[in-house]
Structure formats: structure tokens, C-alpha cells
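Residue-level structure breakdown
One-letter residues, chain by chain:
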Amino acid sequence: MGNGAKTSVPTTIAPWLSVRKSAEAVEFYKAAFGAVEVYRLGDPVKGVVARLSVAGAEFWVSDESPEHKNFSPESLGGCSVRLIFTVADPDAMFERALKAGASQIWPVSEGHGWRIGRVVDPYGHHWEIGRPLAQE
């Protein structure tokens with residue numbers, strides 16, 4: 001602020017997922033993860049920019065724009081980032097994602113202090129769905 005006033009703005013990091021067919025992707029994330037739209041700009045034909053929230057954890061989705069160096073995993077032939085999705089019941093969320101159209105990379109299991117499994121969504125983004133195990 002120019003006058004030296006401070007505001008109470010929390011520090012956050014929210015991934016912005018570049019996809020093909022952004023309006024369709026938003027509907028997938030709603031079905032797979034129970035996401036709700038916090039913000040949406042655009043239309044289903046030309047594509048959307050949407051901020052989604054799953055129990056307060058936010059992420060953004062929009063169509064790729066190669067002219068701005070924003071590429072979808074489909075264009076890249078892979079993904080450079082995995083998303084760690086921490087939930088109370090990873091088994092249930094994992095199954096929900098599969099039913100919505102995600103593909104299993106590895107099943108939910110226990111290891112390295114976590115109960116976790118990995119899926120890839122229909123747009124090429126990898127999600128590790130899990131929770132830390134209780135410390136004995």
C-alpha cells in the first residue's frame with residue numbers, strides 16, 4: 001500500500017492447472033474432489049478461468065495458452081508437478097476420483113508415514129491423495 005497501511009492478507013500458494021477443455025475440467029474436479037467454484041470467468045465454448053476450492057484448499061484451472069508459455073500436460077507429453085491432496089479419508093476420495101474418470105497410477109497403500117495413492121486426471125495432472133499416518 002502506498003500510504004504504509006498494512007492489510008491482513010494470508011500468504012498462500014495455489015496451483016494454476018493448464019488444461020485443454022477447461023469448462024469440462026472444472027466439472028471433472030467438482031465430481032472427482034467435491035470442488036466448488038469460487039470464481040469463474042469465460043464461457044463453456046471458448047474456455048474458462050476458474051478458481052476452485054475443496055474444503056478451503058484452492059486451485060485454479062484454465063485452458064492452456066501456448067502463446068504465453070502455459071502448456072497442458074497433453075501438450076508437454078507429461079507433467080512437471082504432482083499435487084499432494086491431503087484428506088481425512090484417502091481411500092474414499094481416491095475411489096471418487098476413479099469413478100469420475102481419473103486413472104490409477106498406484107493404489108492407496110501405506111508407506112513413508114503416509115496412507116496415499118496416486119491418480120492421473122483426464123487432463124494429465126497427477127494427484128497423490130493421502131494423509132499422514134498417526135505417529136505411534
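So, how was this worked out
- Residues numbered from 1 in each chain as written.
- Predicted model: local features only at pLDDT ≥ 70, side-chain atom pairs only at ≥ 80, totals over all residues.
- Heavy atoms only, no water.
- 1 Å grid on protein atoms, 1.4 Å probe; cavity = no way out; pocket = protein on both sides within 12 Å on 5 of 7 lines; lining within 4 Å.
- Points joined across faces, edges and corners; volume = space filled by probe spheres on them.
- Helix = DSSP H or I, 4+ residues; strand = E, 2+ residues; numbered from the N terminus.
- Nonpolar A, V, L, I, M, F, W, Y, C, P; charged D, E, K, R; others polar.
- Salt bridge = Lys/Arg side-chain N within 4 Å of Asp/Glu carboxyl O.
- Buried < 20%, exposed > 50% of the residue type's maximum accessible area, 1.4 Å probe, protein only.

1. Looking at the layout of surface pockets
In this model, the largest pocket occupies a volume close to 250 Å³. Every residue lining the largest pocket is counted, 16 residues in all, and those nearest its centre are Trp 16, Ser 18, Phe 71, Ser 80 and His 125. Counting residues per element, the ones that place at least two in the lining of the largest pocket are strand S1 (16-19) and helix H2 (73-76). Counting residues per element, the lining of the largest pocket draws most heavily on S1, which supplies 3 residues. Residue composition of the lining of the largest pocket, grouped by class: 9 nonpolar, 6 polar and 1 charged.

2. Notes on the pattern of salt bridges
Tallied over the full model, the rule gives 8 salt bridges. Between Arg 51 and Glu 58 there is a salt bridge whose closest N-O contact spans 3.3 Å. Residue Arg 51 is classed as partly exposed on the basis of its relative accessible area, which comes to 25%. The shortest N-O distance in the salt bridge between Arg 82 and Glu 128 comes to 2.6 Å. One end of the pair, Arg 82, is in strand S5 (residues 82-86); the other, Glu 128, is in strand S8 (residues 126-132), with 46 residues separating them in the sequence. A relative accessible area of 49% means that Arg 82 is categorised as partly exposed. Residue Glu 128 is classed as buried on the basis of its relative accessible area of 9%.

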